[in-house]
Amino acid sequence: MIEKLTEANRKQLMEFVGKKPAENLFIIGDVEAFGFESDFQTLWGQFNEANELVAVLLRYESNYIPYAEGVYDVEGFAEIINSDPNMRELSGLKEVVEKLEPLIPKKKKTNSSFYYAKCQKLLETKSDDELARVERLSLNELVENVELLKGVPEFQASNITVESKKRMIENNTGRTYFIRVDKEMATTASTTAENSSSAMVIAVATKEKFKRRGLASDCMIKLCKDLLEEGKELCLFYDNPEAGKIYKRLGFEDIGFWNMYRFE
(Lines give C-alpha, C1' and ligand atoms only; values in the text may rest on other atoms or scores of the structure.)
Protein backbone atom coordinates (compact mmCIF):
# COMPACT_ATOMS: atom_id res chain seq x y z
CA MET A 1 0.00 0.00 0.00
CA ILE A 2 1.37 3.41 -1.01
CA GLU A 3 0.34 6.49 0.96
CA LYS A 4 1.37 10.14 0.93
CA LEU A 5 3.50 10.81 4.01
CA THR A 6 2.76 13.55 6.54
CA GLU A 7 4.34 14.94 9.68
CA ALA A 8 2.77 12.02 11.56
CA ASN A 9 5.09 9.67 9.62
CA ARG A 10 8.30 11.60 10.34
CA LYS A 11 9.67 9.29 13.06
CA GLN A 12 8.98 6.11 11.09
CA LEU A 13 10.42 7.60 7.90
CA MET A 14 13.59 8.90 9.51
CA GLU A 15 14.21 5.59 11.27
CA PHE A 16 13.83 3.79 7.94
CA VAL A 17 16.13 6.01 5.85
CA GLY A 18 18.42 6.71 8.81
CA LYS A 19 19.69 3.13 8.73
CA LYS A 20 21.67 4.16 5.65
CA PRO A 21 22.30 7.92 6.00
CA ALA A 22 24.80 8.23 3.14
CA GLU A 23 22.54 6.40 0.70
CA ASN A 24 19.58 8.54 1.78
CA LEU A 25 21.40 11.85 2.02
CA PHE A 26 18.91 13.77 -0.14
CA ILE A 27 15.77 12.36 1.45
CA ILE A 28 17.01 13.04 4.99
CA GLY A 29 18.25 16.53 4.13
CA ASP A 30 15.08 17.58 2.31
CA VAL A 31 12.79 16.32 5.06
CA GLU A 32 14.82 18.10 7.73
CA ALA A 33 14.89 21.31 5.71
CA PHE A 34 11.39 21.43 4.20
CA GLY A 35 9.19 18.88 5.97
CA PHE A 36 5.98 17.50 4.50
CA GLU A 37 3.85 20.54 3.73
CA SER A 38 5.91 22.33 1.08
CA ASP A 39 4.30 22.76 -2.32
CA PHE A 40 7.58 21.87 -4.08
CA GLN A 41 8.18 18.68 -2.11
CA THR A 42 6.09 15.53 -1.59
CA LEU A 43 6.88 12.15 -0.05
CA TRP A 44 5.12 8.82 -0.47
CA GLY A 45 5.73 5.61 1.45
CA GLN A 46 4.97 1.97 0.71
CA PHE A 47 3.84 -0.01 3.75
CA ASN A 48 3.63 -3.78 4.16
CA GLU A 49 0.86 -5.69 5.92
CA ALA A 50 2.51 -5.07 9.29
CA ASN A 51 2.43 -1.31 8.56
CA GLU A 52 6.21 -1.26 8.22
CA LEU A 53 7.76 1.18 5.77
CA VAL A 54 9.52 -0.69 2.96
CA ALA A 55 10.02 1.99 0.27
CA VAL A 56 9.98 5.79 -0.10
CA LEU A 57 9.51 8.13 -3.04
CA LEU A 58 10.60 11.78 -2.80
CA ARG A 59 9.54 14.52 -5.19
CA TYR A 60 11.65 17.66 -4.99
CA GLU A 61 10.34 20.09 -7.60
CA SER A 62 10.60 18.08 -10.85
CA ASN A 63 13.07 15.47 -9.55
CA TYR A 64 12.02 12.08 -8.15
CA ILE A 65 14.18 9.89 -5.89
CA PRO A 66 12.96 6.42 -4.87
CA TYR A 67 14.53 4.29 -2.15
CA ALA A 68 13.82 0.69 -1.12
CA GLU A 69 15.77 -2.01 0.70
CA GLY A 70 14.47 -4.79 -1.53
CA VAL A 71 11.44 -5.55 -3.68
CA TYR A 72 9.01 -2.62 -3.92
CA ASP A 73 5.90 -1.57 -5.82
CA VAL A 74 7.62 -0.37 -8.98
CA GLU A 75 4.33 0.00 -10.89
CA GLY A 76 2.81 2.05 -8.05
CA PHE A 77 5.75 4.45 -7.93
CA ALA A 78 5.73 4.72 -11.74
CA GLU A 79 2.04 5.64 -11.68
CA ILE A 80 2.73 8.51 -9.28
CA ILE A 81 5.66 9.78 -11.35
CA ASN A 82 3.81 9.50 -14.66
CA SER A 83 0.87 11.49 -13.29
CA ASP A 84 3.17 14.54 -12.96
CA PRO A 85 3.48 16.40 -16.30
CA ASN A 86 6.35 18.48 -14.87
CA MET A 87 8.55 15.49 -14.02
CA ARG A 88 12.00 15.98 -15.55
CA GLU A 89 14.46 13.87 -13.55
CA LEU A 90 14.68 10.46 -11.90
CA SER A 91 17.71 9.61 -9.79
CA GLY A 92 18.79 7.19 -7.12
CA LEU A 93 20.71 4.05 -6.34
CA LYS A 94 21.15 2.01 -9.50
CA GLU A 95 19.46 -1.13 -8.19
CA VAL A 96 16.36 0.88 -7.24
CA VAL A 97 15.91 3.21 -10.22
CA GLU A 98 16.87 0.80 -12.99
CA LYS A 99 13.67 -1.15 -12.22
CA LEU A 100 11.59 2.02 -12.43
CA GLU A 101 13.09 3.79 -15.45
CA PRO A 102 11.62 1.42 -18.11
CA LEU A 103 8.12 2.33 -16.89
CA ILE A 104 8.65 6.07 -17.55
CA PRO A 105 7.43 6.73 -21.12
CA LYS A 106 9.02 10.17 -21.49
CA LYS A 107 11.93 10.62 -23.90
CA LYS A 108 15.29 10.74 -22.14
CA LYS A 109 17.70 13.63 -22.69
CA THR A 110 20.58 12.18 -20.67
CA ASN A 111 21.41 8.98 -18.85
CA SER A 112 24.31 9.13 -16.39
CA SER A 113 25.78 6.71 -13.88
CA PHE A 114 28.34 7.62 -11.21
CA TYR A 115 30.32 5.65 -8.68
CA TYR A 116 28.81 6.29 -5.24
CA ALA A 117 31.18 6.09 -2.27
CA LYS A 118 30.90 6.77 1.43
CA CYS A 119 33.30 7.30 4.31
CA GLN A 120 32.66 6.41 7.96
CA LYS A 121 36.27 6.54 9.13
CA LEU A 122 39.42 8.20 7.78
CA LEU A 123 42.28 5.88 6.87
CA GLU A 124 44.68 8.80 6.46
CA THR A 125 44.61 11.68 8.91
CA LYS A 126 46.78 14.46 10.30
CA SER A 127 46.97 16.54 13.45
CA ASP A 128 45.29 19.92 13.77
CA ASP A 129 48.74 21.55 13.64
CA GLU A 130 49.51 19.82 10.33
CA LEU A 131 46.19 21.04 8.94
CA ALA A 132 46.51 24.59 10.27
CA ARG A 133 46.80 26.03 6.75
CA VAL A 134 43.28 24.81 5.87
CA GLU A 135 40.74 27.62 6.26
CA ARG A 136 36.95 27.67 6.24
CA LEU A 137 35.38 29.90 3.61
CA SER A 138 33.60 33.06 4.74
CA LEU A 139 30.91 34.98 2.87
CA ASN A 140 33.34 37.67 1.74
CA GLU A 141 35.52 35.03 0.00
CA LEU A 142 32.74 33.51 -2.12
CA VAL A 143 33.60 35.30 -5.37
CA GLU A 144 37.26 34.25 -5.15
CA ASN A 145 36.24 30.63 -4.51
CA VAL A 146 33.82 30.47 -7.45
CA GLU A 147 36.49 32.03 -9.71
CA LEU A 148 38.90 29.27 -8.64
CA LEU A 149 36.34 26.59 -9.56
CA LYS A 150 35.45 28.18 -12.88
CA GLY A 151 39.15 28.26 -13.75
CA VAL A 152 39.42 24.46 -13.44
CA PRO A 153 38.32 22.68 -16.66
CA GLU A 154 36.02 20.10 -15.06
CA PHE A 155 33.98 22.81 -13.31
CA GLN A 156 33.69 25.36 -16.12
CA ALA A 157 30.24 24.06 -17.12
CA SER A 158 28.99 23.52 -13.57
CA ASN A 159 26.03 25.34 -12.08
CA ILE A 160 28.00 26.50 -9.03
CA THR A 161 27.37 30.20 -8.39
CA VAL A 162 28.11 32.74 -5.69
CA GLU A 163 24.41 32.77 -4.85
CA SER A 164 24.15 28.99 -4.49
CA LYS A 165 27.24 28.81 -2.26
CA LYS A 166 25.99 31.73 -0.18
CA ARG A 167 22.64 29.98 0.34
CA MET A 168 24.34 26.78 1.51
CA ILE A 169 26.47 28.63 4.05
CA GLU A 170 23.55 30.65 5.39
CA ASN A 171 21.27 27.59 5.61
CA ASN A 172 24.01 25.36 7.09
CA THR A 173 23.52 22.85 4.27
CA GLY A 174 27.10 23.12 3.04
CA ARG A 175 30.58 24.37 3.88
CA THR A 176 33.78 25.05 1.95
CA TYR A 177 37.41 24.69 3.02
CA PHE A 178 40.44 26.02 1.14
CA ILE A 179 44.19 26.56 1.29
CA ARG A 180 46.09 29.66 0.22
CA VAL A 181 49.61 29.67 -1.23
CA ASP A 182 51.29 33.07 -1.18
CA LYS A 183 47.87 34.64 -0.43
CA GLU A 184 46.30 33.00 -3.53
CA MET A 185 43.43 30.53 -3.10
CA ALA A 186 44.99 27.37 -4.47
CA THR A 187 42.70 24.45 -3.62
CA THR A 188 39.19 23.91 -2.29
CA ALA A 189 36.70 21.24 -1.22
CA SER A 190 33.05 21.62 -0.24
CA THR A 191 29.99 19.81 1.02
CA THR A 192 26.37 20.05 0.01
CA ALA A 193 23.10 18.53 1.24
CA GLU A 194 24.43 18.50 4.80
CA ASN A 195 21.96 17.16 7.34
CA SER A 196 22.06 15.80 10.88
CA SER A 197 23.59 12.46 9.85
CA SER A 198 25.32 12.81 6.47
CA ALA A 199 26.85 15.17 3.91
CA MET A 200 28.04 15.01 0.31
CA VAL A 201 31.55 16.10 -0.70
CA ILE A 202 31.64 18.14 -3.91
CA ALA A 203 33.79 20.60 -5.84
CA VAL A 204 37.24 19.28 -4.94
CA ALA A 205 39.54 21.36 -7.13
CA THR A 206 43.11 22.67 -7.35
CA LYS A 207 44.58 25.26 -9.69
CA GLU A 208 46.91 23.61 -12.18
CA LYS A 209 50.06 25.39 -10.98
CA PHE A 210 49.49 24.16 -7.41
CA LYS A 211 48.82 20.51 -8.18
CA ARG A 212 50.90 17.59 -6.84
CA ARG A 213 51.72 19.35 -3.59
CA GLY A 214 49.25 17.45 -1.38
CA LEU A 215 47.04 20.52 -1.00
CA ALA A 216 43.80 18.83 -2.04
CA SER A 217 44.50 15.88 0.27
CA ASP A 218 44.97 18.20 3.26
CA CYS A 219 41.80 20.09 2.38
CA MET A 220 39.83 16.84 2.11
CA ILE A 221 41.28 15.42 5.32
CA LYS A 222 40.31 18.53 7.29
CA LEU A 223 36.82 18.59 5.76
CA CYS A 224 36.20 14.89 6.38
CA LYS A 225 37.74 14.96 9.84
CA ASP A 226 35.47 17.77 11.01
CA LEU A 227 32.30 16.18 9.62
CA LEU A 228 33.09 12.71 10.97
CA GLU A 229 33.71 14.24 14.40
CA GLU A 230 30.20 15.69 14.15
CA GLY A 231 28.88 12.16 13.68
CA LYS A 232 28.08 12.48 9.98
CA GLU A 233 28.68 9.94 7.23
CA LEU A 234 30.29 11.34 4.11
CA CYS A 235 29.49 10.41 0.55
CA LEU A 236 30.45 11.52 -2.93
CA PHE A 237 29.94 10.80 -6.62
CA TYR A 238 32.83 10.24 -9.00
CA ASP A 239 33.13 9.03 -12.57
CA ASN A 240 36.92 8.89 -12.89
CA PRO A 241 38.49 5.72 -11.43
CA GLU A 242 41.78 7.58 -10.97
CA ALA A 243 40.03 10.13 -8.73
CA GLY A 244 38.41 7.20 -6.97
CA LYS A 245 41.83 5.89 -5.93
CA ILE A 246 42.52 9.15 -4.09
CA TYR A 247 39.20 9.02 -2.23
CA LYS A 248 39.68 5.36 -1.32
CA ARG A 249 43.10 6.14 0.12
CA LEU A 250 41.36 8.52 2.53
CA GLY A 251 38.75 5.96 3.57
CA PHE A 252 35.91 6.15 1.05
CA GLU A 253 34.38 2.83 -0.03
CA ASP A 254 32.22 2.22 -3.07
CA ILE A 255 28.62 1.45 -2.14
CA GLY A 256 27.27 1.15 -5.66
CA PHE A 257 26.24 3.43 -8.48
CA TRP A 258 23.95 6.47 -8.59
CA ASN A 259 21.92 6.74 -11.78
CA MET A 260 20.46 9.99 -13.10
CA TYR A 261 17.94 10.16 -15.93
CA ARG A 262 16.87 13.51 -17.35
CA PHE A 263 13.75 13.71 -19.53
CA GLU A 264 12.44 16.18 -22.10
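Everything quoted here is computed from the prediction, not taken from an experiment. Sequence order as written defines the numbering, with residues in each chain counted from 1. Reporting in this predicted model follows two pLDDT cut-offs: at least 70 for local features of residues, and 80 or more for side-chain atom pairs to be given and counted; totals over whole chains, interfaces and linings ignore these cut-offs and use all residues. Remark: hydrogens and water are excluded; side-chain values derive from all non-hydrogen atoms of the structure.

1. Remarks on the overall build of the protein
Regarding its fold elements, the protein presents 8 helices and 12 strands. For the radius of gyration, the atom set is restricted to C-alpha positions; the globular benchmark scales as 2.2 Å times the number of residues to the power 0.38. Relative to the globule expectation of 18 Å for 264 residues, the C-alpha radius of gyration of the protein, 19 Å, shows essentially globular dimensions. Using a 1.4 Å probe on the protein chains alone, a residue whose accessible area is under 20% of its type maximum counts as buried, one over 50% counts as exposed, and one in between counts as partly exposed. Taking all 264 residues of the protein together, 49% fall into the buried category. Two residues form a contact once any of their heavy atoms are found within 4.5 Å. A sequence separation of at least 24 residues applies to 66% of the contacts in the protein between residues at least 6 apart. The Shrake-Rupley method, run with a 1.4 Å probe, gives the accessible areas here. Residue values count only the displayed protein chains as cover. Surface exposure of the protein reaches about 13,300 Å², of which carbon and sulfur atoms provide 48%. Taken together, the 37 basic and 45 acidic charged side chains of the protein have centroids lying 5 Å from each other. Runs of E in the DSSP output that reach at least two residues are strands. Runs of H or I that reach at least four are helices, and both are numbered from the N terminus. For the purpose of counting charges, residues Lys and Arg are taken to be positive, whereas Asp and Glu are taken to be negative. His and the chain ends are not included. Working definition for charges: the position is that of NZ of Lys, CZ of Arg, CG of Asp or CD of Glu.

2. Examining the pairing of strand S10 (residues 198-206)
In terms of burial, S10 is a largely internal element, 7 of the 9 residues being buried. Relative to S10, strand S9 (residues 184-192) runs antiparallel, the two sharing 5 bridges. Bridged to threonine 192 within S10 is methionine 200. Should DSSP find at least two bridges between two strands, the strands are regarded as paired. Connecting S9 to the next strand, S10, in antiparallel fashion are 5 residues, including alanine 193 with a positive phi near 55°.

3. Side note on empty space enclosed by the protein
The gaps left among the atoms become clear once a water-sized probe is rolled over them. With a 1 Å grid spanning the protein atoms alone, the term cavity applies to any set of points in which a 1.4 Å probe fits but cannot get out, the term pocket to an open set with protein on both sides within 12 Å along at least five of seven lines, and the term lining residue to any residue with an atom within 4 Å of a point. Grid points are joined across faces, edges and corners, and a volume is the space filled by probe spheres set on the points. On inspection of all chains with the given rule, the structure shows 1 cavity of 30 Å³ or more. Taken as a whole, the largest cavity spans an internal volume of roughly 50 Å³. When residues of the lining of the largest cavity are traced back to their parent elements, those giving at least two are helix H2 (25-34), strand S4 (63-68) and strand S5 (89-93). Charged residues are taken to be Asp, Glu, Lys and Arg, nonpolar residues to be Ala, Val, Leu, Ile, Met, Phe, Trp, Tyr, Cys and Pro, and polar residues to be all remaining types, Gly included. In terms of residue class, the lining of the largest cavity is built from 8 nonpolar, 2 polar and 1 charged.

4. Quick notes on the state of the cysteines
Counting rule for disulfides: a pair of cysteine sulfur atoms within 2.5 Å. A complete count under the given rule lists 0 disulfides for this structure. In this structure cysteine 219 is a free cysteine whose sulfur lies 9.9 Å from that of cysteine 224, the closest cysteine sulfur available. Left without a disulfide partner, cysteine 235 is nearest to the cysteine sulfur of cysteine 119, which lies 11 Å away. Residue classification places cysteine 235 among the buried residues on the basis of a relative accessible area of 0%.

5. Points about the side chain of lysine 165
Position of lysine 165 relative to the elements: it lies in helix H6 (residues 162-171). Here, a salt bridge means any Lys or Arg side-chain nitrogen found within 4 Å of an Asp or Glu carboxyl oxygen. For the buried lysine 165, no salt bridge exists, and the shortest N-O distance to an oppositely charged side chain is 11 Å, to glutamate 194. Here lysine 165 is in contact with Leu137, Leu142, Asn145, Val146, Leu149, Ile160, Thr176 and Ser190, once residues within four sequence places are set aside.

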